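Structure at a glance
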Amino acid sequence: MKRTLGIVGAGQLGRMMALAAAPLNIRCLFLDPASDACASAYGEHIVAPYDDVEAALTLAAQADAATFEFENVPPTTLAAIAAEIPAYPTAAALATSRDRWVEKSLFQRLNIPIPAIAKIDSQADLDQAVVNIGLPAVVKTRTMGYDGKGQKVLRTPADTAGTFAELGSVPLIMEGFVDFDEEVSCVAVRAVDGDMRYYDLVLNEHQSGILYRSQPLAAHLLQAQAQDYVQRVMAELDYVGVMAFEFFRKGEQLMANEIAPRVHNSGHWTIEGATTSQFENHVRAVCGLPLGDTQTRGHVVMLNVFGAHPDVTALWRLPGVHWHDYDKTDRPGRKLGHVTITATTTDELAERETAAAACLRNVRG
């Protein structure tokens, strides 16, 4: 029997979920305010704001299960859907990840290391936090911001002047600056029955606050530590679906940065690079199906494409290079697609990555 999965959000993540769902005989139904949303070519599209409860109930009436593609969806919308059909991750998990203060407080309760933090509701709070935590530090909006937006690095006392108003006079969080060696993420999936699978720890590199490169690290010495921290959070939230947990690595210790309660950019390499992609495993989990194998296949790396489209013809000529186009128009800083590069050896991977990178025309925001 054919199933229908309702997805709140119809961007590139919803698009890739739909592509993964089709071979499982699962159709997708989207709710998104943008009439030209890039996932709409792969399923029926309800055009309505994310906070339109009536539209959410229309989606619920036509679907067997539901999920969302990004965490800026109002938890009330997901709760309305969950009252009618299974909806994962839960509204509670979504609410936790949407608010950086609530999220960091959860990490503290679970004894997962984090930087020093302070809740900021005024410029006076910010000034006092600088005294308590010290500089440098990072100030972020508690909700919404992504890809480097909604945050500011404070390096000197002069940087703090007017920062509360500069970031919109909205609730903020200050975090002590972490002089980390690298950023890594652990992408994992949990089923309704609690079964869990983990992908290899991923090394992430950014350009101007935007993720540019992700590469899985086979048999990394901190894999078990990462999995332990992910398991603690998923169990606490009774989580179902894919989650990405971003960490700062300092020596042999991981420090929590943030969680993403959804399929994640740092897991895009799994489409060609793992036995079962993060997208297929997310669909499996939220639809109540058994999880798939997460083993990495060979050597793989993923490069984001943003701002301007690459020389696609040149990419197509390269062996082991896979171009994923999100069907979006060029705009500085906008994610337009990604390239996954596969190989049988590390030398071959490096050679192919160099050739693929030469075809990119990334334009920062």
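Above: the structure in question.
As a starting point, this report considers the structure included with it. (Residues numbered from 1 in each chain as written. Predicted model: local features only at pLDDT ≥ 70, side-chain atom pairs only at ≥ 80, totals over all residues. Heavy atoms only, no water.)

1. Brief notes about the overall build of the protein
A tally of helices and strands in the protein yields twelve helices and 17 strands. Radius of gyration (C-alpha) of the protein: 20 Å, near the 21 Å computed for a compact globule of 365 residues. C-alpha atoms of the protein, sized along the principal axes, occupy 60 × 50 × 40 Å. Counting every position in the protein, which comprises 365 residues, the buried fraction comes to 57%. The contacts in the protein between residues at least 6 apart in sequence include a share of 61% that link residues at least 24 apart. Positive and negative charge centroids in the protein, built from 31 and 44 side chains respectively, lie 1 Å apart. (Helix = DSSP H or I, 4+ residues; strand = E, 2+ residues; numbered from the N terminus. Rg over C-alpha atoms; globule rule 2.2 N^0.38 Å. Buried < 20%, exposed > 50% of the residue type's maximum accessible area, 1.4 Å probe, protein only. Contact = heavy atoms within 4.5 Å. Lys, Arg positive; Asp, Glu negative; His and termini not counted. Charge placed at Lys NZ, Arg CZ, Asp CG, Glu CD.)

2. Thoughts on the environment of Gln-123
As for its placement among the helices and strands, Gln-123 is situated in helix α6 (residues 123–133). You can call Gln-123 partly exposed: its relative accessible area is 23%. It is 8.5 Å that separates the C-alpha atoms of Gln-123 and Thr-160, two residues lying 37 residues apart in sequence. Residues contacting Gln-123, with those up to four places away along its chain left out, are Thr-160, Ala-161, Gly-162, Thr-163 and Phe-164. In this structure the side chain of Gln-123 is engaged in a polar contact, spanning 3.1 Å, whose partner is the backbone nitrogen of Phe-164. (Polar contact = N/O pair within 3.5 Å; in protein donor to acceptor, adjacent residues only side chain to side chain.)

3. Some thoughts on the sheet that holds strand β8 (residues 172–176)
As summarised here, the arrangement of the four strands in space is β5-β8-β6-β7, forming an open sheet in which the pairing is antiparallel. Whereas interior strands pair on both sides, the edge strands pair on one side only; in this sheet they are β5 (117–120) and β7 (151–154). Sheet twist, expressed as the mean angle between neighbouring strand axes with direction ignored, is 20°. In this sheet, β8 lies alongside β5 in antiparallel orientation, the contact comprising four bridges. Across the sheet, the residue bridging to Ile-120 is Leu-172, located in β8. Contacts between helix α5 (residues 100–109) and the sheet are confined to β5, β6 (137–141) and β8, with β5 contributing the most and set at about 150° to the helix. (Pairing = 2+ DSSP bridges. Axes fitted to C-alpha atoms, helices over the stretch in contact; angles between N-to-C directions.)

4. Examining the layout of surface pockets
Empty space within the second largest pocket amounts to approximately 160 Å³. Looking at the second largest pocket, it is lined by 14 residues, and the ones nearest its centre are Gln-215, Pro-216, His-299, Val-300 and Leu-349. The element best represented in the lining of the second largest pocket is helix α12 (residues 346–357), accounting for four residues. Residue classes in the lining of the second largest pocket are distributed as six nonpolar, five polar and three charged. (1 Å grid on protein atoms, 1.4 Å probe; cavity = no way out; pocket = protein on both sides within 12 Å on 5 of 7 lines; lining within 4 Å. Points joined across faces, edges and corners; volume = space filled by probe spheres on them. Nonpolar A, V, L, I, M, F, W, Y, C, P; charged D, E, K, R; others polar.)

5. Overview of the pairing of strand β2 (residues 26–32)
Burial of β2 is extensive: six of the seven residues sit out of reach of the surface. Here six bridges tie strand β1 (residues 3–8) to β2, and the two strands are oriented parallel to one another. When the bridges of β2 are listed, Thr-4 appears paired with Arg-27. Handedness of the β-α-β unit built from β1, helix α1 (residues 12–21) and β2 comes out right-handed. Here β2 runs beside strand β3 (residues 44–47); their pairing, made up of four bridges, is parallel. From the neighbouring strand, Phe-30 faces β3, where its bridge partner is His-45. (Right-handed = clockwise from strand over helix to strand, strands pointing away.)

6. Structural notes on the environment of Pro-157
Position of Pro-157 among the secondary structure elements: in the loop between β7 and α7 (163–166). Accessibility expressed as a relative area gives 62% for Pro-157, which makes it exposed. As for Pro-157 and Leu-135, which are separated by 22 residues in sequence, their C-alpha atoms are 7.9 Å apart.

7. Quick look at the sheet that holds β2
Read from one edge to the other, the open sheet built from four strands follows the order β3-β2-β1-β4, with strand pairing classed as parallel. Every interior strand has two partners, whereas the edge strands, β3 and β4 (65–68), have only one. Across the sheet, the mean angle from the axis of one strand to that of its neighbour is 25°, orientation sign disregarded. Of the strand pairs in this sheet, β1 and β4 are connected by four bridges, and their pairing is parallel. Bridge pairing in β4 links Val-8 to Phe-68. Its contacts with the sheet put α1 on β1, β2 and β4, and the angle it makes with β2 is roughly 165°.

8. Overview of the packing of aromatic side chains
The way to describe two aromatic rings as a pair is by their centre distance and the angle between their planes. Evaluation of the coordinates by the stated rule reveals six aromatic pairs. Note on Tyr-229 and Phe-247: the rings are 6.0 Å apart at their centroids and 45° apart in plane angle, and the pair reads as tilted. Residue Tyr-229 is located in helix α8 (residues 223–237), and its partner Phe-247 is located in strand β13 (residues 241–250); the two are separated by 18 residues in the primary sequence. In terms of burial, Tyr-229 and Phe-247 fall into one category: buried. Note on Phe-245 and Phe-247: the rings are 4.2 Å apart at their centroids and 15° apart in plane angle, and the pair reads as stacked. Here Phe-245 and Phe-247 have matching classes, each one buried. A connected cluster of aromatic rings, assembled from ring pairs, spans Phe-107, Tyr-229, Phe-245 and Phe-247. (Phe/Tyr/Trp six-rings, centres within 6.5 Å; stacked < 30°, edge-to-face > 60°.)

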